[in-house]
2 protein chains.
Amino acid sequence: MVEKKQIRKSAHRIGNRSVRMRNTLKILSAAEKVFAEKGFDGATTQQIADIAKLPKSNVHYYFKTKRDIYLALMQSIMAPWLESFQAISVDDDPGDALTGYVKRKVMLSRERPLASRIFANEMIRGAPVLSDFLRNELRKWVEEKTQIVKQWSEKGKMDDVSAAHLFIIIWAATQTYADFEVQIKSVLGRQNLETDDYDAAAELITRMVLRGCGIHGDHKVNQT
Amino acid sequence: MVEKKQIRKSAHRIGNRSVRMRNTLKILSAAEKVFAEKGFDGATTQQIADIAKLPKSNVHYYFKTKRDIYLALMQSIMAPWLESFQAISVDDDPGDALTGYVKRKVMLSRERPLASRIFANEMIRGAPVLSDFLRNELRKWVEEKTQIVKQWSEKGKMDDVSAAHLFIIIWAATQTYADFEVQIKSVLGRQNLETDDYDAAAELITRMVLRGCGIHGDHKVNQT
DNA sequence: CAACATGTTGACCAGTTGGTCAGAATTTGA
DNA sequence: TCAAATTCTGACCAACTGGTCAACATGTTG
């Protein structure tokens with residue numbers, strides 16, 4: 001039954017794809033706003049439908065449940081996170097690697113603040129959806145990076161710091177510019193955060209990270 | 001009318017206080033859990049009532065609306081925040097002052113993680129309740145500290161860093177141990193965070209802050 | 001064109017929401 | 001003891017919740 005439908009679907013895929021994809025994206029984009037501001041429990045399908053400019057029943061045609069919307073959204077949110085994972089290897093110079101990592105994380109905060117807030121909400125709730133990701137992918141990644149940091153420190157390239165705590169602090173410092181944007185605008189006395197503000201943030205975070213790790217040398221944030 | 005009631009109230013205050021206070025605290029304690037996990041919109045008065053072990057209508061006897069509970073709770077949450085504000089003055093040695101500040105913030109994250117999460121939720125929502133606090137108290141405090149940091153750096157005691165960004169990063173790094181506790185437990189491979197973990201966090205954050213500010217000398221986290 | 005799949009929608013549902021209220025139970029001070 | 005103040009609570013309400021569904025509309029493909 002399901003299989004047959006599946007086949008039919010792929011036969012019609014060009015026409016279907018455009019409609020299906022367009023509406024799916026509209027819904028996910030609307031959901032991103034609502035989930036980011038209200039959290040999972042506070043978000044309503046009606047509000048998502050309104051922002052997507054679709055009747056609620058049409059939203060339910062594409063996603064059976066609110067949870068399904070949330071799951072699909074979470075996947076699209078985690079993709080950039082996972083990508084940034086590859087970025088640090090043993091052969092890198094620790095200064096360059098960490099500088100680049102901080103820079104990318106700050107950019108992500110700037111470009112996808114809503115995604116960052118949804119992730120924050122998920123963590124605050126106790127990660128009911130992402131617990132597997134935390135236990136598996138993330139845990140494994142941190143263990144790898146721990147090995148790399150250890151090798152770097154053995155080679156005298158940096159101090160022997162806890163990679164876990166180091167990355168926890170980097171994540172916190174970079175994501176705060178998305179999650180706590182109101183607070184930061186207020187503290188900086190800005191109407192909106194501009195390129196300069198993000199650059200200043202990246203630079204100070206980088207300096208703190210590098211010096212905190214005992215890494216010396218020239219590592220400008222604005223170079224790649 | 002209101003005044004008369006007020007007078008009557010205070011005439012009976014001993015008896016009232018015990019009952020009123022006990023139930024008020026029960027409700028606020030329950031609300032702290034619910035608001036921390038669900039956010040304002042996701043929290044329900046029924047759930048708060050259940051955890052407080054009171055009928056919902058009894059909760060509404062003490063607090064007219066859900067928002068009133070939230071406001072009262074927010075006040076009790078902000079008190080320790082505001083206290084920690086006094087702690088840094090020009091006469092302090094910058095190393096000692098910052099070390100102490102980080103230490104206190106980490107302790108707060110450990111002792112009142114729910115409060116930290118409610119604050120985080122409020123910021124993510126765009127600070128609908130705390131916007132005045134951000135514009136006034138917090139802004140003013142940061143401006144004061146900016147002056148202090150400037151004086152410290154003029155005296156050659158530290159580098160000339162942006163106090164605003166510095167405190168933003170300190171807040172982020174310390175509060176993350178409360179807000180993102182699940183993620184951190186997972187990354188550290190712990191069932192629960194212990195004293196050692198918080199000590200390690202405080203020590204690394206302190207080191208990053210001090211070195212990032214170009215402050216040298218001996219500043220152990222475990223000394224007062 | 002006919003068939004069939006895909007997309008759209010208003011009406012509808014049972015359960016829950018924040019909040020009200022009348023009246024009963026209890027505590028209080030004199 | 002007793003009247004007034006305070007505390008407690010079940011019954012109730014209109015609005016809203018996530019979700020279903022049958023009927024209809026719009027492609028799509030032979």
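These numbers were taken from a predicted model, which means no experiment stands behind them.

Chemist: Provide a residue-level description of the overall build of chain A, including the pertinent values.
Modeler: A tally of helices and strands in chain A yields 11 helices and zero strands. For chain A, the succession of helices and strands along the chain, N to C, is α-α-α-α-α-α-α-α-α-α-α. Expressed as a percentage of its 224 residues, the buried residues of chain A come to 40%. Of all intrachain contacts in chain A linking residues separated by at least 6 positions in sequence, the fraction that spans at least 24 positions is 63%.

Chemist: Residue-level account of helix α8 (residues 131–154) of chain A, with values.
Modeler: Residues and elements named next belong to chain A. Taking 1.5 Å per residue as the helical rise, α8 with its 24 residues ought to reach 34 Å, and the 33 Å between its terminal C-alpha atoms agrees with that figure. In the structure, α8 departs most strongly from a straight axis at Leu-138, where the bend amounts to approximately 30°. Note on α8: the residue one or two positions beyond its end, Gly-156, has a positive phi of about 75°.

Chemist: Provide a residue-level description of helix α7 (residues 113–124) of chain B, including the pertinent values.
Modeler: All names here are of chain B. For α7, with 12 residues, the first-to-last C-alpha span of 16 Å sits near the 16 Å given by 1.5 Å per residue. Burial within α7 is extensive, with 10 of its 12 residues counted as buried. Within α7, burial applies to Ala-115, Ser-116, Arg-117, Ile-118, Phe-119, Ala-120, Asn-121, Glu-122, Met-123 and Ile-124. Looking one or two places after α7, you find Gly-126, whose phi comes out positive at around 100°.

Chemist: Can you break down the interface of chain B and chain A residue by residue, with the values?
Modeler: In this assembly, 46 residues from chain B lie in contact with 47 residues from chain A. Of all the secondary structure elements, the ones that give two or more residues to the side of chain B that touches chain A are α2 (13–42), α7, α8 (131–154), α9 (163–179), α10 (181–188) and α11 (195–212) of chain B.

Chemist: Break down the relation of the copies chain B and chain A for me, citing the residues and quoting the values.
Modeler: Here the second copy of the chain follows from the first by a rotation about an axis and a shift along it. Mapping chain B onto chain A leaves a residual RMSD of 0.0 Å; the transformation is a rotation of 180° accompanied by 0.0 Å of translation along its axis. What we have between these two chains is a two-fold relation. Closest approach to the rotation axis among the C-alpha atoms of chain B is made by Gly-42 of chain B, whose C-alpha sits 1.9 Å away. A high fraction, 100%, of the interface residues of chain B reappear at the interface in chain A, so the copies pair face to face through one surface.

Chemist: Tell me about the packing of helix α6 (residues 94–111) of chain B against α9 of chain B, residues and numbers included.
Modeler: Residue and element names in this part refer to chain B. As a packed pair, α6 and α9 sit with axes 8 Å apart at the nearest point and diverge in direction by 25°. As the angle between them shows, α6 and α9 are arranged roughly parallel. Relative to α9, α6 is oriented so that their crossing is right-handed. Here Tyr-101, Val-102, Lys-105, Val-106 and Ser-109 of α6 come into contact with α9, specifically with Ile-170, Thr-174, Gln-175, Tyr-177 and Ala-178. When the residues that make up the contact of α6 with α9 are grouped by side-chain class, the tally is six nonpolar, three polar and one charged.

Chemist: How would you sum up the packing of α8 of chain A against helix α9 (residues 163–179) of chain A? Please name residues and give values.
Modeler: Residues and elements named next belong to chain A. The geometry of α8 relative to α9 is characterised by a closest axis approach of 9 Å and an angle of 115° between their N-to-C directions. By the angle class used here, α8 and α9 are roughly perpendicular. For the crossing formed where α8 meets α9, the hand is right-handed. Only Ala-163, Ala-164 and Phe-167 of α9 make contact with α8, whose side of the interface consists of Val-142, Lys-145, Thr-146 and Val-149. For the contact of α8 with α9, the residue count by class is five nonpolar, one polar and one charged.

Chemist: If you had to explain the environment of Asp-93 of chain B to someone new, which residues and values would you point to?
Modeler: For Asp-93 of chain B, the position within the fold is in the loop between α5 (66–83) and α6. In this structure, the C-alpha to C-alpha distance between Asp-93 of chain B and Ala-31 of chain B, residues 62 residues apart in sequence, is 40 Å.

Chemist: Tell me about the environment of Thr-24 of chain A, and please be specific about residues and values.
Modeler: Looking at the element boundaries, Thr-24 of chain A is found in helix α2 (residues 13–42). Distance in space between the C-alpha atoms of Thr-24 of chain A and Gly-217 of chain A is 48 Å, their sequence separation being 193 residues.

Chemist: If you had to explain unusual backbone geometry to someone new, which residues and values would you point to?
Modeler: All names here are of chain A. At Lys-53, a position not held by glycine, the phi torsion is positive, near 55°. When you line up the elements, Lys-53 lands in the loop between α3 (45–52) and α4 (56–62). A positive phi angle, near 55°, is found at Ala-127, a position not held by glycine. By secondary structure assignment, the location of Ala-127 is in the loop between α7 (113–124) and α8.

Chemist: Could you give an account of the environment of Gly-39 of chain A, with specific residues and numbers?
Modeler: Structurally, the position occupied by Gly-39 of chain A is in helix α2. Sequence separation between Gly-39 of chain A and Ala-79 of chain A is 40 residues; the distance between their C-alpha atoms is 20 Å. With near-sequence residues (within four places) excluded, Gly-39 of chain A lies in contact with Asn-121 of chain A together with Lys-38, Gly-39, Asp-41 and Gly-42 of chain B.

Chemist: Residues and numbers for the confidence of the model for chain A, please.
Modeler: Across chain A, pLDDT averages 90, with 89% of residues at or above 70. Low pLDDT, under 50, characterises residues 1–16 of chain A; the predicted model gives this stretch one contact beyond four residues in sequence or across chains.

Calculation criteria
- Residues numbered from 1 in each chain as written.
- Chains lettered and ligands numbered in written order.
- Predicted model: local features only at pLDDT ≥ 70, side-chain atom pairs only at ≥ 80, totals over all residues.
- Helix = DSSP H or I, 4+ residues; strand = E, 2+ residues; numbered from the N terminus.
- Buried ≥ 20, exposed ≤ 12 C-beta atoms within 10 Å, placed from the backbone.
- Contact = placed C-beta atoms within 7 Å.
- Expected span 1.5 Å × (residues − 1).
- Bend = angle between axes of the 7 residues up to and from the residue.
- Least-squares fit on C-alpha atoms with pLDDT ≥ 70 in both.
- Axes fitted to C-alpha atoms, helices over the stretch in contact; angles between N-to-C directions.
- Parallel < 35°, antiparallel > 145°, perpendicular 65-115°, else oblique.
- Left-handed = near helix turned anticlockwise from the far one by under 90°.
- Nonpolar A, V, L, I, M, F, W, Y, C, P; charged D, E, K, R; others polar.
- pLDDT = per-residue confidence, 0-100.

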